[in-house]
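These are the residues of each chain, in order.
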Amino acid sequence: MNFVLLFLITIFSLSLFFYGRSKTKSISIEKNIRLNALPKFYGYYLVLWCSIPALVFLLVWSLFEPVIIKSIIIETAANQGAIFSDKNEANLIYEKIKAIHLGTYFGDIDSILRESALAYAKFINLFTNSKVVLIFGIIIASVIYSLKKIKNNNKARDDVEVILKGLLFVSSLIAILTTLGIIFSLLFESIKFFSVINVFDYLFGTNWSPQRAFVRDASSITAAEFEELKDAFGFIPLIAGTSFIAFIAMLVAVPIGLFSGIYMAEYASIKVRRISKPIIEILAGIPTVVYGFFAALTVGPFFRQVGENLGLTVSSESALAAGLIMGIMIIPYVSSLSDDVINSVPQSLRDGSYAVGATKSETIKQVVIPAALPGIIGSVLLAVSRAIGETMIVVMAAGLAANLTINPLESTTTITTQIVMILVGDQEFDSPKTQSAFALGLTLFIATLILNYIAQRAVKKYREKYD
Amino acid sequence: MNNIKIKSKNLNVYYGDKQALFDVNLDLNEKEVTALIGPSGCGKSTFIRCINRMNDVIDICKVTGNIEMDGMNINDKDLDVVSLRERVGMVFQKPNPFPKSIYDNISYGPKIHGKGETKSELNQIVENSLKKSALWEEVKDRLDEPGTSLSGGQQQRLCIARAISVNPEVILMDEPCSALDPIATAKIEELIDELKKTYTIVIVTHSMAQAVRVSQKTGFFHLGKLIEVGKTEKIFKNPDNKMTQDYITGRFG
Ligand SMILES: Nc1ncnc2c1ncn2[C@@H]1O[C@H](COP(=O)(O)OP(=O)(O)OP(=O)(O)O)[C@@H](O)[C@H]1O
Ligand SMILES: [Mg+2]
């Protein structure tokens, strides 16, 4: 039904465009007046007026219709004598009623359910009919209004401008509000978590074993249980593992990325650049899950094999394998960012250096790199923030055990891995275990936010200097 | 009349397929200022960039013909470009100090060439260069501030000091005052007058007045050809060529 309505609204408003355009043209000829805008703007004006109110109405209606019908039906069922003690049971009955209506319910149907299903059908019908009537009413009203405006030769161009501005504003409002919503939900869930677990126990605890808090409602925790929970949520092993793997990744990505960036910017001929830059950027487009199974299935076992041959015990899920592959994943970011930064060092600085007799490598080392340094640091920080937020590779290749270790051959775990582990499978929404995922998410969010902020400041400051 | 320091013979320059200089024969006298004038795009910059082989930096640029300094062929493939640029310094149109301290801006060249091995020698070089470029009094107390914190005119003098620091024989200046106000320009012109006692100077300029004030010899370029060259006085009082006459009187260009 909704699709039919959408289709009709679209067709109708589009045809109004042509009507508005030719109508105003003929008006201007007939009455010999100068229009206040080009005829096509009257067309746009009609289109916008015809479609937006109807669409907004349709959207709002679709959001509220199910909720309202549901409460009405549950009410009806209760009046019929249905018995339910809490929300869950009520929901169950409602689902049954819906299924009966759709003909997909195969259990026993008693008289209460049958009556309710009939009522459901009645209400659905009623709602749909009124929806259609109202929408056409709205369209007719807004078309009459806008046609009248057009006949009075309104300043359609300015009006269209105002409407478009409003649309753009609403779009950005939605973007901002959803982001804020996510942040606040992170924040509130984390606050719940921290009302059970002390912030300091979390931040400085060295033991991470959230499974101890399995299926435990936060509100009904006893003092003894609390003691046990207290040191199950230590953040230190996670941040240690995260930083460790990120560190290994940077050991790989920074030198290789930076040197390849320097080569691209300073040495590569235009031809080489034209071919190799896209290739490097393709690397950046490989989905991380591909890197992940490469790390887990190829590199990890390879390291273990090599380790065995050398007489070392290497876990098949090692920080080394994860870090290495993550580093390879990040190389293109560092490379293309530092390439950009180095490229934007003005040629005049290089000329100045050549003119006193410096060679190319001296110039790069002593003039170009120092000049580009803030930007390079910025790109490295961006890469770090990617590394600590990266999930797929570490989930597949780094392991799950929260070891506090600096042996790259052992398995470690990271913040993102733990969030995944906590949230896959069945969840008790109120258990501290689930809530700890939000706390981890919040911590991660704050960390990357700070890194990104510093990085962007560095890059921007650098840009200002040379633009 | 001073000795000839630099001599170009049938110098041709190409950017890809496009020829930018045609058979330029121009002599530059030692310890004298030679001004190069001519309308935009006529090849003045191209010419002076041949003298320190800066055109090497541009891939598509090809230079043929001869250009000699004290009898040595600058265009020789086997020539050590680094030591050539040590002998031929350059100052650019826009001041381009390195984003380093004032001190490091000056000591950069000497360090690269292994001059000034001890700290005090290096200090001496920095001080001398800044004095010669008439900047010492203004910056002696702030040598560790970034070179980019100076005013435009000061920056240009810093760049002159940077060129002087490796003790060159020739200084090339490509419109050194075009980004400066009249007062800073006057200072630089005064400086050029002083510097010509020690160095051979070539200056590209769009200001006829400046050419008259600072140079002893003037060359007029048009569309890649050297149209006329001679004593500055003569070029500006009664040039042989009609085109030169038209240009200096502002009838085209
Ligand atoms: N890097 C380059 N690549 C291609 N052509 C160039 C390049 N540099 C200069 N040219 C061309 O060579 C010719 C001479 O340029 P040049 O810069 O020497 O002129 P100019 O006399 O210094 O002009 P201006 O007074 O504007 O500085 C011009 O036609 C220019 O288009
Ligand atoms: Mg020029």
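Quick look at the structure, then. Keep in mind that this is a model prediction, so the values were computed, not measured.

Scoring rules and cut-offs
- For every chain, the first residue of the written sequence is number 1, and numbering continues from 1 onward in sequence order.
- Chain A is the first chain written and ligand 1 is the first ligand written, with later ones labelled in order.
- A pLDDT threshold of at least 70 governs which residues receive local features in this predicted model, and a stricter bar of 80 or more applies before side-chain atom pairs are shown or counted, although totals over entire chains, interfaces and linings include all residues.
- Neither water nor hydrogens contribute to the side-chain values; these are computed over all heavy atoms in the structure.
- Here a strand is any run of E in DSSP of at least two residues, a helix any run of H or I of at least four, and the numbering for each starts at the N terminus.
- With C-alpha atoms as the basis for the radius of gyration, the globule rule is written as 2.2 Å multiplied by the number of residues raised to the power 0.38.
- Whether a residue is buried, partly exposed or exposed follows from its accessible area with a 1.4 Å probe, protein chains only, as a fraction of its type maximum: under 20%, in between, or over 50%, in that order.
- Contacts are assigned to residue pairs with any non-hydrogen atoms lying within 4.5 Å of each other.
- In short, Shrake-Rupley with a 1.4 Å probe defines the accessible areas, and a residue's cover is counted only from the protein chains shown.
- Neither His nor the chain termini are counted; the positive set is Lys and Arg, and the negative set is Asp and Glu.
- By convention, charge coordinates are those of NZ in Lys, CZ in Arg, CG in Asp, or CD in Glu.
- Once two parts are brought into contact, the accessible area they lose, counted with a 1.4 Å probe and summed over both, makes up the buried area.
- Salt bridge, as used here, is a side-chain nitrogen of Lys or Arg placed within 4 Å of a carboxyl oxygen of Asp or Glu.
- Two N or O atoms count as a polar contact when they lie within 3.5 Å, although within protein this holds only if one can serve as hydrogen donor and the other as acceptor, and sequence-adjacent residues are included solely when both atoms are side-chain atoms.
- Here, expected helix span is obtained from the residue count minus one, scaled by 1.5 Å.
- Two axes enter the definition of the bend at a residue: one is fitted to the seven residues ending there, the other to the seven starting there, and the bend is the angle between them.
- A pair of strands counts as paired when DSSP detects no fewer than two bridges linking them.
- Lines fitted to C-alpha atoms define the axes here, with helix axes fitted over just the stretch in contact, and angles between the N-to-C directions of these axes take values from 0 to 180 degrees.
- Proximity is defined per residue: any heavy atom of the residue falling within 4 Å of a molecule or strand makes that residue near it.
- Classification convention: Asp, Glu, Lys, Arg as charged; Ala, Val, Leu, Ile, Met, Phe, Trp, Tyr, Cys, Pro as nonpolar; all other residues, Gly among them, as polar.
- Think of a patch as exposed residues, more than 30% relative accessible area, with no salt bridge, where like charges cluster within 9 Å and nonpolar side chains (Val, Leu, Ile, Met, Phe, Trp, Tyr) cluster within 5 Å.
- By definition, turning the near helix anticlockwise from the far helix through less than a right angle yields a left-handed crossing, and turning it clockwise yields a right-handed one.
- Between 65 and 115 degrees an angle is taken as roughly perpendicular, under 35 as roughly parallel, over 145 as roughly antiparallel, and anywhere else as oblique.

### Some words on the overall build of chain A
Piece 1. Helix and strand counts for chain A come out as 16 helices and zero strands.
Piece 2. Radius of gyration (C-alpha) of chain A: 32 Å, far over the 23 Å computed for a compact globule of 467 residues.
Piece 3. The principal-axis extents of the C-alpha atoms in chain A amount to approximately 80 × 75 × 40 Å.
Piece 4. For chain A, the proportion of its 467 residues judged to be buried stands at 42%.
Piece 5. The long-range share in chain A, meaning contacts at least 24 apart out of those at least 6 apart in sequence, stands at 77%.
Piece 6. A total of about 25300 Å² of accessible surface is found on chain A, and carbon and sulfur atoms cover 68% of it.
Piece 7. Side chains of chain A give 38 positive and 34 negative charges; the mean places of these two sets differ by 16 Å.

### Quick notes on the environment of Asn 10 of chain B
Residues and elements named next belong to chain B.
Piece 1. With respect to the helices and strands, the residue Asn 10 is situated in strand S1 (residues 4-15).
Piece 2. Separated by 14 residues in the primary sequence, Asn 10 and Val 24 place their C-alpha atoms 5.1 Å from one another.
Piece 3. Once residues within four sequence positions are removed from consideration, Asn 10 is found in contact with Asp 23, Val 24, Asn 25, Thr 64, Gly 65 and Asn 66.

### As for the interface of chain B and chain A
You'll often see interface size given as the accessible area lost when the parts meet.
Piece 1. Between chain B and chain A, the contact holds 20 residues from the first and 19 residues from the second.
Piece 2. Across the chain B to chain A interface the summed buried area is about 1500 Å²; carbon plus sulfur atoms make up 65%.
Piece 3. Among the residues chain B hides against chain A, the three largest losses belong to Pro 99, Tyr 108 and Ile 112 of chain B. Together they make up 32% of the total.
Piece 4. At the boundary of chain B and chain A, one finds zero salt bridges.
Piece 5. Between the two partners, chain B and chain A, sit four residue pairs in polar contact (both at pLDDT 80 or more).
Piece 6. Sorting the residues of the side of chain B that touches chain A by element identifies helix H2 (81-87), strand S6 (88-91) and helix H3 (102-112) of chain B as the ones contributing at least two each.

### Thoughts on helix H11 (residues 319-343) of chain A
Residues and elements named next belong to chain A.
Piece 1. Under the 1.5 Å per step criterion, the end-to-end length of H11 is 35 Å for 25 residues, consistent within 8% with the ideal 36 Å.
Piece 2. When the local axis directions of H11 are compared, the greatest deviation, roughly 35 degrees, occurs at Ile 330, which is followed within four positions by the proline Pro 332.
Piece 3. Where burial is concerned, most of H11 is hidden: 18 out of the 25 residues are buried.

### Things to note about helix H15 (residues 415-423) of chain A
Piece 1. Residues Ile 415, Thr 416, Thr 417, Gln 418, Ile 419 and Ile 422 of chain A constitute the buried set of H15 of chain A.
Piece 2. Positive phi appears at Gly 425 of chain A, one or two residues downstream of H15 of chain A, with a value of about 85 degrees.

### Focus on the sheet that holds strand S10 (residues 225-231) of chain B
Residues and elements named next belong to chain B.
Piece 1. What the six strands build is an open sheet, ordered S6-S7-S8-S3-S9-S10; its pairing is mixed. For this open sheet the edge positions go to S6 and S10, each flanked by a neighbour on one side alone. Across the sheet, the mean angle from the axis of one strand to that of its neighbour is 15 degrees, orientation sign disregarded.
Piece 2. As judged from the five bridges shared by strand S7 (residues 170-174) and strand S8 (residues 200-204), these two strands associate in the parallel manner. Within S8, the residue paired with Met 173 across the bridge is Ile 203.

### Side note on the sheet that holds S1 of chain B
Residue and element names in this part refer to chain B.
Piece 1. The four strands lie next to each other as S2-S1-S4-S5, forming an open sheet whose pairing is antiparallel. Edge strands, defined here as strands with exactly one partner in the open sheet, are strand S2 (18-29) and strand S5 (72-73).
Piece 2. Sheet analysis places strand S4 (residues 61-69) next to S5, joined by two bridges and oriented antiparallel. Along S5, the bridge assignment pairs Glu 68 with Asn 73.

### Things to note about the site of ligand 1
Residues and elements named next belong to chain B.
Piece 1. Residues in contact with ligand 1 amount to 14 residues; listed here are only the nearest, Lys 18, Ser 40, Ser 45, Thr 46 and His 206.
Piece 2. With respect to ligand 1, the side chain of Thr 46 contributes an N or O atom lying 2.4 Å from an oxygen atom.
Piece 3. A distance of 3.2 Å is found between an oxygen atom of ligand 1 and a side-chain nitrogen or oxygen belonging to Glu 175.
Piece 4. Relative to its unbound accessible surface of 630 Å², ligand 1 loses 66% to contact with the protein.
Piece 5. For the shell around ligand 1, the secondary structure elements donating two or more residues are S2 and helix H1 (44-51).
Piece 6. Looking at the shell around ligand 1 element by element, the count peaks at three residues for H1.
Piece 7. Of the residues assigned to the shell around ligand 1, the class counts are five nonpolar, six polar and three charged.

### Things to note about a nonpolar patch on the surface
Piece 1. A cluster of nonpolar residues, Phe 169, Val 170, Leu 173, Ile 174, Ile 176, Leu 177, Leu 180, Phe 184, Leu 187, Phe 188 and Ile 191 of chain A, forms a patch on the protein surface that exposes about 1000 Å² of accessible area.
Piece 2. The topology assignment puts Ile 191 of chain A in helix H5 (residues 156-196).

### Considering the packing of helix H8 (residues 236-267) of chain A against helix H13 (residues 360-389) of chain A
All names here are of chain A.
Piece 1. In contact at an axis separation of 9 Å, H8 and H13 are set at 140 degrees when each is read in the N-to-C sense. In the packing of H8 onto H13, the handedness of the crossing is right-handed. Seen from H8, the contacting residues are Thr 242, Ala 246, Met 250, Val 254, Leu 258, Ile 262, Glu 266 and Tyr 267; seen from H13, they are Lys 360, Ser 361, Ile 364, Val 368, Ile 369, Ile 376, Val 380, Ala 383, Val 384, Ala 387 and Ile 388.

### Quick notes on the packing of helix H6 (residues 152-164) of chain B against helix H7 (residues 182-195) of chain B
All names here are of chain B.
Piece 1. Between H6 and H7, the least distance of the axes is 9 Å, while the angle of their chain directions is 20 degrees. One way to sum up the angle between H6 and H7 is to call them roughly parallel. Seen from above, H6 lies across H7 with right-handed handedness. Along the contact surface, H6 presents Gly 153, Gln 156, Arg 157, Ile 160 and Ile 164, while H7 presents Ala 184, Lys 187, Ile 188, Leu 191 and Leu 195.

Keep in mind that these numbers describe shape and distance, not what the molecule does.
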